[in-house]
Amino acid sequence: QVQFVESGGGLVQPGGSLRLSCSASGTFFAIHAMGWYRQAPGKQREAVASITSDGVTSYEDSVKGRFTISRADAKNTVYLQLNSLKPEDTAVYYCSADWETTTRTTTLRSWGRGTQVTVRG
């Protein structure tokens, strides 16, 4: 199993910045891709950014050039730097990790509990 500790959410004005972090711990062989999703009220959860174990990143179109995902493998931690925030970025942000079990027979995806980001003037 994998547990997450997420932090960094909060209230910020439009144009402001936040940095989210998510640390994974537990019993697993390895963590592969990590990512961030978000869910706004009344909307479906959507992928925001992801990063592979090799450092290859991908972003949802609306956040390209504004958000940056990174990871610190030694700490099993993924970060999301949010710049030039807009009101439409308001959502609960969830981290995810694809982790390989200790038996190395299965790779599963687990989610954090989420951290609220509110962008309001």
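Residues numbered from 1 in each chain as written. Predicted model: local features only at pLDDT ≥ 70, side-chain atom pairs only at ≥ 80, totals over all residues. Heavy atoms only, no water.

Peer 1: Is there a simple way to think about the side chain of glutamate 6 in this case?
Peer 2: Structurally, glutamate 6 can be placed in strand 1 (residues 2–7). For the buried residue glutamate 6, which engages in no salt bridge, the nearest side chain bearing the opposite charge is arginine 113, 7.6 Å off. Among the polar contacts made by the side chain of glutamate 6, one reaches the main-chain amide nitrogen of arginine 113 at a distance of 3.0 Å. Only 2.4 Å separates the side chain of glutamate 6 from the backbone nitrogen of glycine 114, close enough to count as a polar contact. Residues in contact with glutamate 6, not counting those within four places in the same chain, are Ser21, Cys22, Trp36, Tyr93, Tyr94, Cys95, Gly112, Arg113, Gly114 and Thr115. (Helix = DSSP H or I, 4+ residues; strand = E, 2+ residues; numbered from the N terminus. Buried < 20%, exposed > 50% of the residue type's maximum accessible area, 1.4 Å probe, protein only. Lys, Arg positive; Asp, Glu negative; His and termini not counted. Salt bridge = Lys/Arg side-chain N within 4 Å of Asp/Glu carboxyl O. Polar contact = N/O pair within 3.5 Å; in protein donor to acceptor, adjacent residues only side chain to side chain. Contact = heavy atoms within 4.5 Å.)

Peer 1: Would you take a moment to explain the environment of glutamine 44 for this structure?
Peer 2: Position of glutamine 44 among the secondary structure elements: in the loop between strand 4 (30–39) and strand 5 (46–51). Leave out the neighbours within four places in its chain, and glutamine 44 touches Arg38 and Gln39.

Peer 1: What is the right way to look at the state of the cysteines in this model?
Peer 2: By definition, a disulfide is the covalent link that joins the sulfur atoms of two cysteine residues. According to the stated counting rule, one finds one disulfide in the structure shown. The disulfide partner of cysteine 22 is cysteine 95, and the gap between their sulfur atoms is 1.9 Å. A residue pair is termed long-range when its members are at least 10 positions apart, and cysteine 22 in strand 3 (residues 18–26) and cysteine 95 in strand 9 (residues 91–100) qualify at 73 residues. The buried category is assigned to cysteine 95, whose relative accessible area is 0%. (Disulfide = S-S within 2.5 Å.)

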